[in-house]
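Here's the letter readout for the chains.
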There are 2 protein chains.
Amino acid sequence: MAFGELDHVALVVRDLAAMEALYAPLGFSVLYRERVEEQGVDIVGLRAGDSAIELLRPLRDDSKLWHYLGTATSKLHHVAYRVDDLEGELARLKSLGVPLIDEHPRRGAHGNRIAFIHPSYTGGTLLELCQTPH
Amino acid sequence: MAFGELDHVALVVRDLAAMEALYAPLGFSVLYRERVEEQGVDIVGLRAGDSAIELLRPLRDDSKLWHYLGTATSKLHHVAYRVDDLEGELARLKSLGVPLIDEHPRRGAHGNRIAFIHPSYTGGTLLELCQTPH
């Protein structure tokens, strides 16, 4: 078991429509739009070859993501890699002592089941494991 | 013309060997190691499916990348998407008024020819265009 293909790169953004308009001339078309209440974000997925760019806009004023964004208009937030067996991979990582934000899968956008490795593991880079429904 | 598949996600890191050791149990094996003097970095490319994670360590103490890294051990820096015709895509973007760091290709790691869009375009996210030698 191991991480496979990149599923998406996620950015926190201040304004979804403005960011969509900037990415369109680069050739990134909209793949999905979704509100994920559990994560407190509206998401726009842009198609980037076989992967996606996920634009995340916090729903609530007290979201920690606003603090992360700071004065920027958009900021890289995390990178998600596909796994075939999310529970199995989480168990494997736990047995290795890799710190996890999620010991059990939760719901992501686009039908994905997801879990995050704690960024203390990499000292600042947030990695997501992602099992797609396909 | 448009951006195609993701080529790599790049991280600035404090210690290449330490970071390699952390990524190995996740299943990311070393794909290439290279010093790119023009960019002032040592690079380790980790295989992540059909794309790569590029770990960048600044060569010089006065590198701006150290300031970017701050107190973190690793930090997402940019995302690179493949294009078939780098000169053509740069000309197209310039004609659209997209601000570019590089109006002409320069050398990246792994035989790639690369160019960066100015992050003022996205308000903080650094995008690279990347033409692979294959």
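My aim in this report is to walk through the structure given alongside it, one point at a time. (Residues numbered from 1 in each chain as written. Chains lettered and ligands numbered in written order. Predicted model: local features only at pLDDT ≥ 70, side-chain atom pairs only at ≥ 80, totals over all residues. Heavy atoms only, no water.)

In this section: the packing of aromatic side chains. For the structure shown, the criterion picks out eight aromatic pairs over all chains. Between Phe3(A) and Tyr81(A) the ring centres are 6.4 Å apart and the planes differ by 40 degrees, which places this aromatic pair in the tilted class. Remark: Tyr81(A) occurs in strand 5 (residues 74-82) and Phe3(A) occurs in the segment before strand 1 (6-13); sequence separation between them is 78 residues. For Phe3(A), a relative accessible area of 6% puts it in the buried group. Following the ring pairs from residue to residue traces out a cluster consisting of Phe3(A), Tyr81(A), Tyr23(B) and Phe28(B). Looking at Lys75(A), its charged tip hangs above the ring of Tyr68(A), at a distance of 4.5 Å from the centre. (Phe/Tyr/Trp six-rings, centres within 6.5 Å; stacked < 30°, edge-to-face > 60°. Helix = DSSP H or I, 4+ residues; strand = E, 2+ residues; numbered from the N terminus. Buried < 20%, exposed > 50% of the residue type's maximum accessible area, 1.4 Å probe, protein only. Lys NZ or Arg CZ within 6 Å of the ring centre and 35° of its normal.)

All names here are of chain A. Evaluated as defined, the whole model comprises 22 salt bridges over all chains. Of the charged contacts in the structure, one is a salt bridge between Glu-20 and Arg-33, with a shortest N-O distance of 2.5 Å. Taken together, the residues Glu-20 in helix 1 (residues 16-23) and Arg-33 in strand 2 (residues 30-36) connect sequence positions 13 residues apart. Several salt bridges converge on common partners, so that one network encompasses Asp-7, Asp-50 and Arg-82. (Salt bridge = Lys/Arg side-chain N within 4 Å of Asp/Glu carboxyl O.)

This part takes up the sheet that holds strand 7 (residues 113-116) of chain B. Residue and element names in this part refer to chain B. With mixed pairing, the eight strands of this open sheet are ordered in space as 2-3-4-1-5-8-7-6. Looking along the sheet, the strands with just one partner apiece sit at the ends: strand 2 (30-36) and strand 6 (106-107). Relative to strand 3 (residues 41-48), strand 2 runs antiparallel, the two being bridged by six bridges. Following the sheet pairing, Arg-33 is matched in strand 3 by Val-44. (Pairing = 2+ DSSP bridges.)

Our focus in this paragraph is the interface of chain B and chain A. Across the contact, 40 residues belong to chain B and 40 residues belong to chain A. Here chain B packs against chain A, burying approximately 2900 Å² in sum over the two surfaces, 62% of which is carbon and sulfur. Here chain B is connected to chain A by zero salt bridges. At the junction of chain B and chain A, the tally comes to 16 residue pairs in polar contact (both at pLDDT 80 or more). Those elements that provide at least two residues to the side of chain B that touches chain A are strand 1 (6-13), helix 1 (16-23), strand 4 (51-58), strand 5 (74-82) and helix 3 (86-95) of chain B. Of all the elements, strand 5 of chain B adds the most residues to the side of chain B that touches chain A, at seven residues. The residue makeup of the side of chain B that touches chain A, split by class, is 23 nonpolar, twelve polar and five charged. (Contact = heavy atoms within 4.5 Å. Buried area = accessible area lost by both parts, 1.4 Å probe. Polar contact = N/O pair within 3.5 Å; in protein donor to acceptor, adjacent residues only side chain to side chain. Nonpolar A, V, L, I, M, F, W, Y, C, P; charged D, E, K, R; others polar.)

The next thing to look at is helix 3 (residues 86-95) of chain A. Residue and element names in this part refer to chain A. Those residues of helix 3 that fall on the buried side of the exposure criterion are Leu-86, Gly-88, Glu-89, Leu-90 and Leu-93. Its buried side turned inward, helix 3 meets strand 7 (113-116) and strand 8 (127-131). A positive backbone phi angle near 85 degrees is found at Gly-97, which sits one or two residues after helix 3.

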